[in-house]
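# Structural description and commentary
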Amino acid sequence: MKSRRGLLTVIGLLLALLIITPFASSYVIVLITYALVFAILAMSLDILLGYTGLPSLGQAAYLGMGAYLTAILATQYDFGLGWSFWVVILLGILVGALTAAFFGLFAIRATGVYFLMITLALGQCVWGLAYRWNSVTGGDNGINLPPRPEFGIDLANDVTYFYVVFGCFVVSLLTLYILVKSPFGRSLEGIREREPRMRILGYNTWLHKYIAFVIAGGYGGLAGVLWAHLSGLVSPGDVLLTTSVDALLMVVLGGPGTLVGGAIGAAVIVFLRDYLSTMLPWWQYVLGGVYVLTILYLPGGLMGIPERIRHRRARSASQGETKKLKSASH
Amino acid sequence: MISRLIGKFGWKLMLGCLAVGMSVSQAAGAAAELRIGFLAPMTGIFAQVGKDMSNGFQMYLDEVGGDFAGAKVNFIVEDNEGKPPVAVRKAEKLIRQDKVQMFIGGLLASTGYALAPVSTRLKTVYIASIPAADDLTQREAAKYPYVIRTGWTSSQPNHPFGEWACEQGYKRIVAIAADYAFGYEVVGGFQKAFESCGGKIIQKIWPPLGTKDFGPYIPTFKKDADAIFTLMVGPMSLQFPKQLANAGIKKPVLGGGTSYDEFVLPSMGDEVLGHVSALQYSAALDTPKNAAFVKKYREKYGKVPSYYSESNYTTAQMIHEVFKKTKGKWPGSEKFIEMLSAIKLDTARGPVYLDDMKNPVHNIYIRKVEKRKMFGYDKDELWNTVIKTYPNVGQFWKYGKTEFLKQPVYSRDYPPCKHCE
Amino acid sequence: MNAQFWLIQSFNGISYGALLFLLASGLSLIFGVMRIVNLAHGAYFLLGGYVALSVIWTTGSWLLALPVAALAIAAVGLVMERVFLRPLGFDPLRQVLLTVGFAFVFQQAALDIWGGDNLDINPPDLLRGSLVIGGLYLPAYRIFMICMAGVMGLILWLVMEKTRMGAMIRAAVDDSEMARGVGINTSRVSMFIFALGAFLAALGGAIGGAFLGIYPGLDFEILPIAFAVVIIGGMGSLTGAALGSLIVGLADNFGRALFPEVSYFTLYAPMVLILAVKPTGLFGRE
């Protein structure tokens, strides 16, 4: 987000969301909450993909870790159902970050498509564990969570939970925004553009990438905790490859490197998957079509559209001026 | 100027319109409309089963013209892709958006376990017409007051089956079953009954759900077994018998009902002749009611119905019975459950009534795969011929409810494999 | 666990590996030449099976079904490469995402055309029984799979080593800029390779149809396994694909027979370890 206008638009949007949602139908509230949870996941991926240039196909792993942690604590240890909910949030972030710290040791050595492959493999490892480690994860059945916590406010109420998730989303957006605008964030972009040059300039690029990876994992874990309570069920299906692929699409669709783009992409994909699918039996064509069209014609994603319009207008304006100059010189 | 305005307010405007639009588009429920939500996999690896399920229900609706004693039925089918989390999301949509009075369906046990809490959370009736997870109407039943089952429990047919196996003289059996709750409960029920009358399960193998290559498992079968007990679902049912035959194993094969279900039977070959299974339904059940059901279904949908279709057809029939009593009015969730539990009906699978844990009591049929002509069809086809009937089998068999509930739910390790070497 | 057990399991593992080789060799070559990870590869495999089935339904000939299916999907791959991938130029990430989009479209199309049934290909009677050697039952179809993979592997090797096209391909894999520099039409090579990859995948699907079945969802199920092969063996290397398929086939088989609890782990963990040590795989190059 580079301009003041962009900032105002975002704030306006957020306010609108906050105010209008509670009045929407109960299903829409749930959908929007899902979109917000995915938005956090998408933004975490954007840090890697959009800002550092690392395409990860394994973000669902961190969502899964956070979600399973929440579920296991809630069912086997009765933990996280009161004020301890906030502790679980912190633990979710921690477990996501730690998993990323471990995985990062394997992954960061690779770049480009190799990075893609290895994050895919790591994601599959988590999936495999979730699927087969029956005694802990409930295997295919997954884990059903007890009703949402109550601590003064009752999270079981959909609108209340929406506010909590919304709050987490705004906090994530803010903290990530500060991150990408910081010198650290700038150096990540430098790595994305020209890693060899950054190295020559003396930056420890491995460390930078590693830290970005860990941070992304942490936010993924946060999304996982929120997801677990939203869905009421944690199962290996949540850690599937398709979830990571969805996250990737959300970022690419919205516009990599814009942070907010990921959130917009998330909203679109959630709408497609959970709303359109109930109206059109051939919604998968739309999904595939969206992918293909975005890739072909929208390299900057949806967020890139205003830029392109401006660009085109600037181009035609300068062409007009050139014409004027030509005619003037006669 | 205008573009700047649109840029600033456009998003907000759009979102607002969207929200308002969606909230207005709710179903305005007319008093005599019955909205029934239906969840089944319409895409993915179980897509065909999902279609069989909804077709079964739909056929009954078509027979009564979509009218349950005065209530107009609005049947809304949602695709859960065979995934429990998607089932939960679609159920929420059905309840919150479409305002259904009840939702039915789900296929896998895991889906059943995922949907049950939704029914409690949102206080909506959930009729489990297929998910056979034992505990939904056993040890966990108290958690799910809005759940009622019209299908079966996984262990239900396998208790009498275990007894039957003893009667055949089998003493040592190897079990191979899909590695998830359904597999555990089917084998568990069989094992308990079989070992109570002197049999021994000497080996238990658990290939993951969806395995197609049984190469790793078949060579490990103990050579001194009398028979093999298998529980296969979906594509596994197709591949396992072929690979078993190709490996030269000629022992008798007993199976859980889904292993030879009518939805895979047409694609099977001679390798399954003589295989025996147990279930509360067989398309080859030679009763007038079933003959009519099979012929009508086959004419309409081009295939012989499986229990997936029958169970949902019977469910529709049972719901209709309730509405006949209420003269077409929705009696509210709690009363509806009460009334449905009291229904006694003669259906395509035979006589059915529900026990006090809201699970059906019905006949269990021991069936053998044979190649023959049935119901006047002129071709020799594979059918599950009924060779023995156990009437009025409940979910607790002969064990008594209290005794049965004391033991843990059948799992990978229960009953323990005492005779596994 | 006697000698018979080990022999049979090895045989099973090798036959599974043979099927994987058909699937993964195409994927590996596509990556080697074009640096694209074709996420629609699983869909090619599945579509190959479906088309083969349709051919059998209409002509009754299983023998015809295999090449027809493979060629049909090769054509699809050709179109996809020409019309959609080529215009993107050299942008691997976006090309990868494009293939994902297509994977979704193919999946839906398959569902619409062939329905959601679990289908099965019935091979000719010749291949239905088992060969019995010394008390060991060796299913004939598995032997067939091994032979097919062997034959295709040989043909591929011959093409790579002995033909001009093969030389061009190898040059493009080694260094595509240099290859262009010496006048090799790399875009023609790309097109050929992509079509070849699709051909191999579809052949694999047509052959695998009798072994794994054909049903919606198979495409995304088989994809991670193909990746495991390519990652372990190294992208762009035919030898790597062969070795990788063997390793994965055996590891998967033995893993499931001996350690069923963690069977998926035994597949993906070695992959991660190999990547950690050698990110380009055993025979890959970068």
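Our structure's up above, just so we're on the same page.
To start, this report covers the structure provided alongside it. (Residues numbered from 1 in each chain as written. Chains lettered and ligands numbered in written order. Predicted model: local features only at pLDDT ≥ 70, side-chain atom pairs only at ≥ 80, totals over all residues. Heavy atoms only, no water.)

For interface size, the figure often reported is the accessible area lost on association. The interface is formed by 42 residues belonging to chain C together with 37 residues belonging to chain A. Here chain C meets chain A over a buried area of about 3600 Å², counting both sides, of which 79% is carbon and sulfur. Counting the contacts that link chain C with chain A gives 0 salt bridges. Taken together, the links from chain C to chain A amount to 2 residue pairs in polar contact (both at pLDDT 80 or more). Mapped onto the side of chain C that touches chain A, the elements with two or more residues apiece are helix 4 (92-114), helix 9 (218-233) and helix 11 (263-277) of chain C. Considering every element that reaches the side of chain C that touches chain A, the biggest residue donor is helix 4 of chain C, with 15 residues. The class makeup of the residues in the side of chain C that touches chain A is 31 nonpolar, 5 polar and 6 charged. (Contact = heavy atoms within 4.5 Å. Buried area = accessible area lost by both parts, 1.4 Å probe. Salt bridge = Lys/Arg side-chain N within 4 Å of Asp/Glu carboxyl O. Polar contact = N/O pair within 3.5 Å; in protein donor to acceptor, adjacent residues only side chain to side chain. Helix = DSSP H or I, 4+ residues; strand = E, 2+ residues; numbered from the N terminus. Nonpolar A, V, L, I, M, F, W, Y, C, P; charged D, E, K, R; others polar.)

Right, let's talk about the sheet that holds strand 2 (residues 67-68) of chain B for a bit. All names here are of chain B. With mixed pairing, 6 strands are arranged side by side in an open sheet as 2-3-1-4-5-6. With partners counted over all chains shown, the strands left at the sheet margins are strand 2 and strand 6 (147-149), one partner each. Where strand 1 (residues 33-40) meets strand 3 (residues 71-79), 8 bridges bridge the pair, whose relative direction is parallel. In the sheet register, Phe38 faces strand 3, and the bridge partner there is Val77. Across the sheet, helix 4 (residues 109-121) lies against strand 1, strand 4 (102-105), strand 5 (125-128) and strand 6, angled at about 160 degrees from strand 5, the strand it touches most. (Pairing = 2+ DSSP bridges. Axes fitted to C-alpha atoms, helices over the stretch in contact; angles between N-to-C directions.)

Inspection of the entire model under this criterion finds 54 aromatic pairs over all chains. Each ring, one from Phe38 of chain B and one from Phe75 of chain B, has its centre 5.3 Å from the other, and the planes form 55 degrees; the classification is tilted. Of this pair, Phe38 of chain B sits in strand 1 while Phe75 of chain B sits in strand 3; the two residues are 37 residues apart in sequence, bridging distant segments of the chain. Classification of Phe75 of chain B by relative accessible area gives buried; the value is 15%. Plain terms: the ring middles of Phe190 of chain B and Phe194 of chain B are 5.5 Å apart, the flat faces sit at 20 degrees to each other, and that makes the pair stacked. Taken together, the positions of Phe190 of chain B and Phe194 of chain B, both in helix 6 (residues 181-196) and 4 residues apart, correspond to about one turn of that helix. Under the relative-accessibility criterion, Phe190 of chain B is labelled buried at 0%. Residue Phe194 of chain B is classed as buried on the basis of its relative accessible area, which comes to 0%. Put simply, the rings of Tyr60, Phe68, Tyr281, Phe293, Tyr297, Tyr301, Tyr313, Phe323, Trp330 and Phe336 of chain B touch in pairs and so form one group of aromatic residues. One residue, Arg89 of chain B, lies across the ring of Tyr34 of chain A, its end atom 4.9 Å from the ring centre. (Phe/Tyr/Trp six-rings, centres within 6.5 Å; stacked < 30°, edge-to-face > 60°. Buried < 20%, exposed > 50% of the residue type's maximum accessible area, 1.4 Å probe, protein only. Lys NZ or Arg CZ within 6 Å of the ring centre and 35° of its normal.)

Before going further, it helps to spend a moment on the pattern of salt bridges. Tallying each qualifying case throughout the model produces 32 salt bridges over all chains. What you see here is one network of salt bridges that share partners, running through Asp158 of chain A together with Glu92, Arg96 and Arg121 of chain B.

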